[in-house]
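Residues per chain are reported as follows:
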Amino acid sequence: MRWPFGDRRPRSAGSVPVTGPLVPGAASRDVSVRGDVSGIASTGDFAINLQTTVDHATVVPPEALVAPELVPAPAGLTNLPGRHEVFVGRAEELKRLDTTAAEPGVVVVQAVHGLGGIGKSTLVARWAAQHEGRFRPIWWITADSPTGVDAGLVALAGGLRPGLSALMPATVLREWAVRWLASHDGWLLVLDNVTDPADMTDLVRRLPQGRIVVTSRRATGWPQLVTRLRLDVLDLDEAAALLTRVAAHGGVAVDEADARALCVELGCLPLAVEQAGAYMAQTGTGAGEYLGLLARYPADLFRDGEEGRAGHRTVARVWQVTLDALADDPLPGRLLRLLAWYASEPIPRMLIDALDGTSRPAVNRAIGRLAAYNMITVDASTGEITVHRLVQAVARVPDEDSAHRQPADIADARGEAVARLHDALPSGHDDPASWPRWRAVLPHLEAAVVIHPRNPSSDAELVNIEAFLLNLAGMFLVDQGDLPRATAYLERALADCRRVLRDDHPDTLASMDNLASAHQKAGDLERAILLCEQVLVDRRRVLGDDHPKTFTSVNNLAHAYHASGDLERAIPLFRKALTDRRRVLGEDHPDTLNSVNNLGYAYHAAGDLEKAFALFKKVLTDRRRILGEDHPRTLTSANNLASTYQTAGHLEAAIDLFQGVLTDCRRVLGEDHPDTLTSVNNLASAYQRAGHVGHAIPLLRETLTRRRRVLGEDHPDTFISLNNLAIAYQSAGNLKQAVPLFEQALNCCRRVLGENHALTRSVRANTERALREPRGVRRGPRRRKAGRR
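Each chain has its residues counted from 1, following the order in which its sequence is written. Per-residue local features of the predicted model are confined to residues with pLDDT of at least 70, and side-chain atom pairs are confined, for both listing and counting, to 80 or more; whole-chain, interface and lining totals are unaffected and use all residues. To obtain the side-chain values, all non-hydrogen atoms of the structure were used and water was disregarded.

Student: Describe the pairing of strand S4 (residues 138-142), with residues and values.
Tutor: The buried label applies to any residue whose accessible area, calculated with a 1.4 Å probe on protein chains only, is under 20% of its type's maximum; exposed applies above 50%, and partly exposed to all values in between. Counting from the N terminus, the helices are DSSP H or I runs at least four residues long and the strands are E runs at least two residues long. Counting buried positions along S4 yields four of five residues, so the element is predominantly enclosed. By the convention used here, strands pair only if DSSP detects at least 2 bridges between them. As paired elements, S4 and strand S5 (residues 188-194) share five bridges and run parallel to each other. By the bridge assignment for S5, Ile138 is matched with Leu188.

Below is the structure:
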C-alpha cells in the first residue's frame, strides 16, 4: 500500500396520489354448470357453446346468448381505482398520454414504466379519470401475472353482460371478453403492473383497435408497437407540496424548508413522500423530526406505513418484489448492494466492472436486468450508472427478514465498494491528466467512506484501506484548493490510523505530515508546526536521524516555519536537510536537489539574493544534467532563477528567462497545466515590473480565464489571478476595472479561506489601498508571486 507523503510545495410538473394503493374492481366469481355432460347446445354462428346435462337442464336467459360482437358498451362502465384527493403536477406526462395518436383500425398501446413507487398507476388512473366521457368502458386489470390478466378479462365480461358470470366457466368468459374488445372501438384497457411483456402479447395481437395503457417496472422487452413513457420522480416543489398536503390531512403543518429537506433526502420519490406524509399525519410528527428518525431508524421507516396502509405499499416492500423477480441469479442483488454505497450521481463503470469472482459479461448481464426493471439507469453514451438515492438507502439497511438485505451481505458490499475505489483511484494527484478520473470517483469515495458510517466492528484492514483512500483524496483536495474538505478527510484518516495501527506507525506519521500540509495551506500555521514537530520527533526516535523520511520531516518543518515568516528557524533546518541528504543520499539524488532549491527559496525570501542566485543556478545546472532540459523540476528551477533576477532588478534577464520557461511549459506540459499558468502569471509580473503594463494585462486575463476553467472559481490560485489582474489595472490607472476585481477576490477569499488567511489579508490590504487611491494616479503594484516550489 502506497502512502502519499513527501516534500511539500509553495426536473416538468408531476403528480402523485396520496391515499393508498390502487385496487381494481374485483373479478366476478367463476360459476360452472354441474352435472354429467351429454351434449352441446348451439344457437347460431356467433353463439356461445354451453355444456348441458341430461339429469339437470339449465335454463339460460336469452340475453345471455347474444354474441359479444352485438353487445354495446354499457354507459358509465368503469372499475377505476378510487379517486385521489391529492394529485400534484405531472402535467407533461398527462399531456404525453393525451397526444399519442390514435389511428382508425389500429390498437394503441402505451407503456408507462419506471421505478417501483414512482407513481405509474396513479398517473394512469388520473389520466383515465379525466377521460371517462371519451372511453367506454374504462377497465382496470391487475396484470402482474397471466392469471391476473385472465381474471380481469373475466370480470370485464361480467361487467359487459352481467348474466354471463353465473353461467359460463372462466375460460369461456375470458374468450367472450377478448372477442368483445376485438369487435369494438373507443374503449380503454389499463393493464397495471405488468411484470413480463410476454403476458400481454397474445391479447394485444388479437385486438385490432382500442386503447391500452400499461404500467410496469420493466423498461425493456416491449413489442415495437408499444410507445414507452418513462416516469421520473417529482420535482422538488411538487414533492414538497405533496408532503405538505398529505400531512395536512392529520392537521400537521409542515415548515417549507423542512419539507424540502425531507423530500431531498427521499429523492422526491412519490411513494416515499406519501408514506412520510401519512406517517406524519398519523403521528403528529414534523418534517424535521421525521428526517431525524429516518437517519436513526431507517429500517423501520422504510418498512412501516401508517395504520391501514396495505403492507406491500411501502418503499422497502415495493422493491422487494422486484428483487424477488431477479433472485434466480445472485449477481443483480449483489451489484445493487454494491451500488448502494456510492453517491446518487453517475457511477463510473470502472467501479463495478471488476467484481471479484465474476466475468465482465456476467456483470453486464446483471446491469441489464436491473435496468430492465428500472432499478438503475444506464447512460448509453458513457456507460455510467445512476441509482435513485432511496433505492440506495434501502439497499444499505440490513434486514434479517429480507433475503436481499442480510447484514453480512450489506457489510460485504461496503467492503467491496471500498476495494473498488482503491483500485480505481489514480496513484498521484499532481498530473492534471488524472483529474478527470479523480473528479469522477471522488463523490463516490466520499459517499462510501465519509458520509455513510461504517459498522464499528469493521476489521482493521478495511479501516486501514479507508485511511489510505482518505489520505490520497485529501492531498488531491489540497492541490485543488478545497481546504476545508481536505482537512476533514485527513483528520479522519489520522484518527483511523491511530485507532488501528499505533501513534508512531509509518502510515500514522505520513497521515500527520499530510494533515500538517493541509493546515499550512489553510493558513493554520500553528497546528501545522505542531504536527511537523511531532512527526520529526517520532521519526528520529523510530527511524533514526539518517533515515530519508527523517530528512523529509526536517524539510517539512522548515517549510512550516518559512510559511509563518520565521526564517531564522527555517533556514538552519533547510541547511541541515541539505547537508544530511548530501551526506547520505549523494549530491545528485532528487531529494538533495529539492533541498538545494528549498534553501535558495528561503534565502530569496530573506533578501539574501547572492546566496539565492548561487543555489538556483546550481540546482538548474544539476537538474538539466540529471533530469533533462524538459523535466518539470528543471522548469521550476529556471522559473525560480528568473524570479530572483526580477527581485534583483535584472528585468531584461528575468523576462528572457520567463519567456523561455513559458515556451517550454507550453510545449512539454500543455497550455492548461497549472505550472504553465504559473509561468504566464510570472511573465506578466515581470512585464508589469518593467513598466510594460500593456503586455501584462492580456497575459493576466488569459491566466484568470484558464484558471477558472481548469481549477474552478473557488481555487486559491484563481483568487490570486483576480488580485493580480486588479493590480495591473490599478497600476495602469484604471480603478474602474481594478476595484471590482479586488472586491471579488476579497469576497472569494473570505468565503473560502476565512478572514485570517494570509491571502485574505493581502487582498484586503490591496483592496483598501485601491479604494483610497485618487483616480488617475498610477501606483507601483503590490505583488504576490505564485507558483514557486
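Student: Account for the sheet that holds strand S7 (residues 226-230), naming residues and giving values.
Tutor: One open sheet accounts for five strands, arranged S4-S5-S6-S3-S7; its pairing is parallel. Lying at the two open borders of the sheet, with one neighbouring strand each, are S4 and S7. On average, adjacent strands in this sheet sit at an angle of 20° to one another, irrespective of strand direction. Where helix H1 (residues 91-99) meets the sheet, it contacts strand S3 (107-113), strand S6 (210-216) and S7, and its direction lies at approximately 175° from that of S7. The axes are straight lines fitted to the C-alpha atoms, using for helices just the contacting stretch, and the angles between their N-to-C directions are given from 0 to 180°. Residue contacts follow a heavy-atom distance rule, with two residues in contact if any of their heavy atoms lie within 4.5 Å.

Student: Please provide a residue-by-residue account of the packing of aromatic side chains, values included.
Tutor: To pair, rings of Phe, Tyr and Trp, with the six-membered ring standing in for Trp, must have centres within 6.5 Å; the planes then decide the type, stacked if under 30 degrees apart, edge-to-face if over 60, and tilted in the middle. Overall, the coordinates contain four aromatic pairs when judged by the stated rule. With a centroid separation of 5.8 Å and 50° between ring planes, the pair formed by Trp127 and Phe135 is classed as tilted. Owing to a relative accessible area of 0%, Trp127 belongs among the buried residues under this scheme. Geometrically, the ring pair formed by Trp438 and Phe476 is stacked, given 4.7 Å between the ring centres and 5° between the ring planes. Of the two residues, Trp438 is situated in helix H16 (residues 435-451) and Phe476 in helix H17 (residues 460-480); the sequence distance between them amounts to 38 residues. Phe476 shares its class with Trp438; the two are buried. For a Lys NZ or an Arg CZ to count as sitting over a ring, it must be within 6 Å of the ring centre and within 35 degrees of the ring normal. The cationic tip of Arg414 hangs over the ring face of Trp341; the distance from NZ or CZ to the ring centre is 5.7 Å.

Student: Go over the state of the cysteines, please, and point to the residues and values.
Tutor: For the purposes of this analysis, a disulfide is any pair of cysteine sulfur atoms at a distance within 2.5 Å. For the structure on display, the rule yields zero disulfides. Note on Cys748: no disulfide assigned, nearest cysteine sulfur contributed by Cys749 at a separation of 7.0 Å. Overall, Cys748 belongs to the buried group, its relative accessible area being 10%. The class of Cys749 is buried, set by a relative accessible area of 0%.

Student: Tell me about helix H4 (residues 170-183), and name the residues and values.
Tutor: Taking 1.5 Å per residue as the helical rise, H4 with its 14 residues ought to reach 20 Å, and the 20 Å between its terminal C-alpha atoms agrees with that figure. Buried residues of H4: Leu173, Arg174, Trp176, Ala177, Val178, Trp180 and Leu181, and no others. Those residues of H4 hidden inside the fold are in contact with helix H3 (146-160), S5 and helix H5 (201-205). Take the number of residues in a helix, subtract one, and multiply by 1.5 Å to get its expected span.

Student: Account for the nonpolar core, with residues named and values stated.
Tutor: Nine residue types can take part in a nonpolar core, namely buried Ala, Val, Leu, Ile, Met, Phe, Trp, Tyr and Cys, and a core is a set of them joined through side-chain atoms within 4.5 Å. With 200 residues, the main nonpolar core has Trp319 and Tyr342 as its most contacted residues. Of the residues forming this core, the biggest block, twelve residues, is contributed by H17. When near neighbours in sequence (up to four residues on either side) are disregarded, Tyr342 contacts Ile347, Leu351, Ile352, Gln392, Ala417, Arg420, Leu421, His444, Ala447, Ala448 and His452. In this structure, Leu160, Trp176, Leu191 and Trp222 belong to the second largest nonpolar core, which totals 37 residues.

Student: Kindly report on the pattern of salt bridges, identifying the contributing residues and their values.
Tutor: One side-chain nitrogen of Lys or Arg within 4 Å of one carboxyl oxygen of Asp or Glu is enough to make a salt bridge. Following the criterion strictly, the structure yields 48 salt bridges and no others. We note a salt bridge from Asp423 to Arg420, for which the minimum N-O separation is 2.9 Å. Of the two residues, Asp423 and Arg420 are both situated in helix H15 (residues 407-424); the distance of three residues between them amounts to about one turn of the helix. Note on Arg420: relative accessible area 5%, which makes it buried. A salt bridge links Arg625 to Asp622; its shortest N-O distance comes to 3.3 Å. Here Arg625 pairs with Asp622, and both are found in helix H24 (residues 609-626), just three residues apart, close to one helical turn. Shared partners join several salt bridges into a network, and the residues in it are Arg666, Glu671, Asp672, Glu702, Arg706 and Arg709.

Student: Describe the environment of Asn756, and please don't skip the residues or the numbers.
Tutor: Relative to the helices and strands, Asn756 is located in the loop between helix H30 (735-752) and helix H31 (758-772). In sequence terms Asn756 and Gly523 are 233 residues apart; their C-alpha atoms lie 7.6 Å from each other.

Student: Could you give an account of the confidence of the model for the protein, with specific residues and numbers?
Tutor: The predicted coordinates of low-pLDDT regions are not to be read in fine detail. In predicted models, pLDDT denotes the confidence assigned by the predictor to each residue on a 0 to 100 scale. Taken residue by residue, the protein gives an average pLDDT of 85. The fraction at 70 or more is 87%. Summarising per-element confidence for the protein, the mean pLDDT is lowest in strand S1 (residues 37-41) (30) and highest in helix H22 (residues 567-584) (97). Segment residues 1-58: pLDDT under 50, and 165 contacts once partners within four positions in sequence are set aside and those in other chains are kept. Taken as a whole, residues 307-312 scores under 50 in pLDDT and shows eleven contacts with residues more than four places along the chain or in a different chain.

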